[in-house]
Amino acid sequence: MEKKCLSSLTLAQLTDTMKELGQPAFRAKQIFHWVHQRLVTDFAAMTDQPKTLLAKLDESWYLAVPKIERRQQAKDGTVKYLLRMADGNCIETVVMRYNYGNTVCVSTQVGCRMGCRFCASTQAGRVRNLEAGEICAEIYTAQKDIGARISHIVLMGIGEPLDNYENVMAFLENISSPEGVNIGMRNISLSTCGLVPGIERLAKENLQLTLSVSLHAPNNAIRSGMMPVNDAYPLEVLMPAVRAYQHDTGRRVSFEYSMVRGVNDSAACAHELAALIRGMGAHVNLIPINPVDGSPYSATDAANVRRFQNLLTELGVNATVRRRLGSEISAACGQLRREEMQKNP
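If you're wondering where the values come from, they're calculated on a predicted model, not measured in any experiment.

Side note on the packing of aromatic side chains
One pass over the structure, following the stated rule, counts two aromatic pairs. Geometrically, the ring pair formed by Y98 and Y100 is stacked, given 5.1 Å between the ring centres and 5° between the ring planes. Its guanidinium or amino end placed over the ring of W34, R38 lies 4.2 Å from that ring's centre, counting from NZ or CZ.

Right, dumping it as structure tokens:
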């Protein structure tokens, strides 16, 4: 019988599991503490549990403990990990240092099927979804490695979070639990390329996280050229869903806008973008793209990024430029994984 991932169980699910094993309910909270607070990597480390129970757990369950296959650190302190999962597949996780704390960018899938043409993550397609416990384990592995607390999370690594909805919701429940590492929802940002059904479903959860929409273009012609998802959910479908999400949750939405030379960086694009999001009070995060081998796109120069930002500001849009972190360590999502796949096809 194939073992299941105990790290993926929510506290309620773990409680049910303990009942099925004939154990008192309090065992669930104790084991949850071991996995999500003390961050153990082996059942044997759970010293307050009966050995008979640990033996039963070891027969049918495993703990998500990825192996650091490769680690790269940039001069700015950014650390990028290539993590090998239990089934041999590799994913990427990045720790970024800011003055407000350590942020980890996690993957939610092994590969991605969204097909964005400026992203290395999607070039080999999607292999499988990550389980909730595997996503948690990215954070625990990074936190142990740097020897400092992770305070913020962005679901912006390999994969589309809303394409792995159930596992991502379980991950959010576990990672924000007071019985675990207790990272508050307001310190979590979930990025989507624009899966409208997922946005509508997420609105009903009424979570206090930040929804970040990968917009990257102000009109359908440019966006469809960059992001195939726009053919399924064009701007006239996506934007009403985003506005409804903001209205229903009371949470301000942010937009990611990767600056691509000669594609979406003109003054005309800035005017269109401002008109598209007018009245939302939304924040636009301008991203100087990291170079990706095999991509037809190149980054806009810094001076033009600033001109674009200043024009948006003049048009009443709150826009900032994301710090370019880790460019010398292939920090763009998917590059390390792709290099590993090329070495070991």
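Regarding the pattern of salt bridges
A full pass over the atoms with the stated rule returns 12 salt bridges. Taking the shortest distance from any N to any O, the salt bridge between R128 and D87 comes out at 2.6 Å. Here R128, found in strand 8 (residues 126-129), pairs with D87, found in the loop between strand 4 (79-84) and strand 5 (90-98); they are 41 residues apart in sequence, far enough to count as distant. R261 is the partner of D301 in a salt bridge, and the nearest nitrogen-oxygen pair spans 4.0 Å. Pair noted here: D301 is in the loop between strand 13 (283-288) and helix 11 (302-314) and R261 is in the loop between strand 12 (254-259) and helix 10 (267-276), with a separation of 40 residues, a long-range link. One salt-bridge network, in which partners are shared between bridges, spans K67, E69 and R84.

A closer look at the environment of L83
Relative to the elements of secondary structure, L83 occurs in strand 4. Judged by its relative accessible area of 0%, L83 falls in the buried class. The residues touching L83, leaving out its near neighbours within four places in the chain, are P66, K67, I68, N89, C90, I91, T93, E138 and T141.

Quick notes on helix 4 (residues 132-146)
Taking 1.5 Å of rise per residue, the 15 residues of helix 4 would be expected to cover 21 Å, and the 22 Å separating its terminal C-alpha atoms lies within 8% of that figure. Within helix 4, 13 of the 15 residues are buried, which leaves the element mostly enclosed by the surrounding structure. Two residues or fewer after helix 4 comes G147, characterised by a positive phi angle close to 70°.

Considering the side chain of N285
Inspection of the secondary structure assignment puts N285 in strand 13. If near-sequence neighbours (up to four positions away) are discounted, N285 is found in contact with F255, E256, Y257, T320, V321 and R322.

About the thresholds
Residues numbered from 1 in each chain as written. Predicted model: local features only at pLDDT ≥ 70, side-chain atom pairs only at ≥ 80, totals over all residues. Heavy atoms only, no water. Phe/Tyr/Trp six-rings, centres within 6.5 Å; stacked < 30°, edge-to-face > 60°. Lys NZ or Arg CZ within 6 Å of the ring centre and 35° of its normal. Salt bridge = Lys/Arg side-chain N within 4 Å of Asp/Glu carboxyl O. Helix = DSSP H or I, 4+ residues; strand = E, 2+ residues; numbered from the N terminus. Buried < 20%, exposed > 50% of the residue type's maximum accessible area, 1.4 Å probe, protein only. Contact = heavy atoms within 4.5 Å. Expected span 1.5 Å × (residues − 1).

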